[in-house]
Amino acid sequence: MNFICLHLILLNLVNIVEVLDTDDIFKVMFNRTDLLCPTVCNGYDLVSCCMCRAQKTSENLLTLNVVRNIETDYPEIEVPKVLNIHYQIIHRFRKTKTLPVNLCNFTGIVEIDLSYNEIERIDNMSCVKSLDILNMRRNIIEYLRNDTFIGMKFLRNIDLSYNNLRHIEPGFLINMAGSLLNFDVSNNVLTTVDVTNFLMEKQLAFCDIDYSFNEISSISNELKLIPNILLFIYEIYNFSKYC
């Protein structure tokens, strides 16, 4: 059986922004003033390098502690003694099974790393409006709703690799704000992917979208939002699932 690899197909889309000046790239494409171009970027691909390797401006991120509530047995974020504007969560290898129940009380969270846990669902992420980086690598998530990240205009990086993902609802990118640059769902058990989950007008460019090491044998177009001729162009690229 032939499998379709969707790891590198979209990388060249960043070329559409090469005409922009580095001072304008983040404002024009993402309405962001909190990102900087790293000094390593230079040469003919300066703008795409800036976009894909963007660094956030210096900010003091307060780390929030996730603890188990003894009464409910659910994880919750411990209210910090000192309040801050922006926060991060780093909570790995804890066998945590759900997102913190009070996650929505901390809308200033910029980075979440809940990798290497046993979390099954992430349906209520959209309340964390400031989120920039989400790392859910090595959990047991099976299903991704298309409104999971609705309205999250700062979210650039999502890592859902090495989960048990079996289905991503069509129209996933429709509800994104167009800021997503890196989307990793590699090493899951997806058998099909809808074209609206890797190609959408609102999403002007990707740096890296990785569907590799799944079992994808077909590409669907359930919402009929992408011309079928374009869908055909993508269907002819059959590669090994190990690419």
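Residues numbered from 1 in each chain as written. Predicted model: local features only at pLDDT ≥ 70, side-chain atom pairs only at ≥ 80, totals over all residues. Heavy atoms only, no water.

Chemist: Quick question: what am I supposed to make of the pairing of strand S6 (residues 87-90) here?
Modeler: When a strand is regular, its side chains alternate between the sheet's two faces. Strand direction decides the pairing type here: strand S3 (residues 62-64) and S6, joined by 3 bridges, are parallel. Its bridge partner lying in S6, Leu62 is registered against Tyr87. Bridge count between S6 and strand S7 (residues 109-113): 4 bridges; the pairing is parallel. Looking across to S7, one finds that Tyr87 is bridged to Ile109. (Pairing = 2+ DSSP bridges. Helix = DSSP H or I, 4+ residues; strand = E, 2+ residues; numbered from the N terminus.)

Chemist: For this particular structure, what's the right way to read the state of the cysteines?
Modeler: Disulfides are covalent bonds that connect the sulfur atoms of two cysteines. One pass over the structure, following the stated rule, counts 3 disulfides. One disulfide in the model links Cys52 with Cys207; its S-S distance is 2.0 Å. Taking the sign of the S-S torsion, -95 degrees for the link of Cys52 and Cys207, the bridge is left-handed. Highlighted residues: Cys52 in helix H2 (residues 46-52) and Cys207 in the loop between strand S13 (192-194) and strand S14 (208-210), separated in sequence by 155 residues. (Disulfide = S-S within 2.5 Å.)

Chemist: Where do I start with unusual backbone geometry in this structure?
Modeler: Leave glycine aside and you will find that most residues have negative phi; peptide bonds, for their part, are mostly trans. Residues other than glycine seldom take positive phi values, yet Asp73 does so here, at roughly 70 degrees. Counting through the fold element by element, Asp73 comes out in the loop between strand S4 (66-68) and strand S5 (75-77). Accessibility expressed as a relative area gives 49% for Asp73, which makes it partly exposed. Positive phi, close to 55 degrees, is recorded for Tyr162, a residue that is not glycine. Relative to the helices and strands, Tyr162 resides in the loop between strand S10 (157-159) and strand S11 (167-168). For Tyr162, a relative accessible area of 27% gives the class partly exposed. (Buried < 20%, exposed > 50% of the residue type's maximum accessible area, 1.4 Å probe, protein only.)

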